[in-house]
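# Geometric and topological summary
These are the residues of each chain, in order.
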Amino acid sequence: MLSVRSHGRDRFYLPGGKIDPGETARDAIIREVTEELGVTLIDDSIREIGTFAGHGHNQPDGAIVRMTCFTADYRGMLAPAREIAELRWLTQRDRDLMAPMGQKITAALFDI
């Protein structure tokens, strides 16, 4: 699973971010992936795989994060940009490197 680590963070997250006013979750992932990774998602390959909720990493107690996740093909060369310090393809065995939501989503997708 493609994961990113922001500058100053100790865990890997799934690429993406907040939905801007007037955007759909799909619009947001297209924009965020371009901003963070410098690639363009191929529109007809984008598939929603689910929405997940849970405690966010380094968030106040009781703060719940909701993430709509997608899979897609892309054009271009992946490269960290803006706030992203590092990107990695992680497997189920790398869960200890992920923030809690990444661990939860990995477990759900790969039925660990």
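About the thresholds
Residues numbered from 1 in each chain as written. Predicted model: local features only at pLDDT ≥ 70, side-chain atom pairs only at ≥ 80, totals over all residues. Heavy atoms only, no water. Helix = DSSP H or I, 4+ residues; strand = E, 2+ residues; numbered from the N terminus. Rg over C-alpha atoms; globule rule 2.2 N^0.38 Å. Buried < 20%, exposed > 50% of the residue type's maximum accessible area, 1.4 Å probe, protein only. Salt bridge = Lys/Arg side-chain N within 4 Å of Asp/Glu carboxyl O. Patch = residues over 30% accessible without salt bridge, like charges linked within 9 Å, V, L, I, M, F, W, Y side chains within 5 Å. Areas by Shrake-Rupley, 256 points an atom, 1.4 Å probe, with all protein chains shown as cover.

A few words on the overall build of the protein. Counting secondary structure elements, the protein contains 2 helices and 6 strands. Scanning the protein from its N terminus toward the C terminus, one meets helices and strands in the order β-α-β-β-β-β-β-α. A compact globule built from 112 residues would reach a C-alpha radius of gyration of about 13 Å, and the protein, at 14 Å, matches this within 12%. The dimensions of the protein, computed from C-alpha atoms along their principal axes, are 35 × 30 × 30 Å. Sorting the 112 residues of the protein into buried and exposed places 31% on the buried side.

What the rule picks out here adds up to 8 salt bridges. For arginine 31, the salt bridge identified is with aspartate 20, shortest N-O distance 3.5 Å. Linking arginine 31 in helix H1 (residues 25-37) with aspartate 20 in the loop between strand E1 (2-6) and H1, this pair joins segments that are 11 residues apart in sequence. Owing to a relative accessible area of 35%, aspartate 20 belongs among the partly exposed residues under this scheme. For the salt bridge of arginine 88 with glutamate 86, the shortest nitrogen-to-oxygen distance reads 2.9 Å. With relative accessibility at 35%, the residue arginine 88 sits in the partly exposed group. Because the salt bridges share partners, they merge into one network encompassing Asp20, Glu23, Arg31, Glu32, Glu35 and Arg82.

Residues Ile49, Leu109 and Phe110 make up a contiguous nonpolar surface patch of roughly 240 Å² in combined accessible area. Structurally, leucine 109 can be placed in helix H2 (residues 100-110). Judged by its relative accessible area of 34%, leucine 109 is partly exposed.

Purely spatial values, then, with no claim about function.
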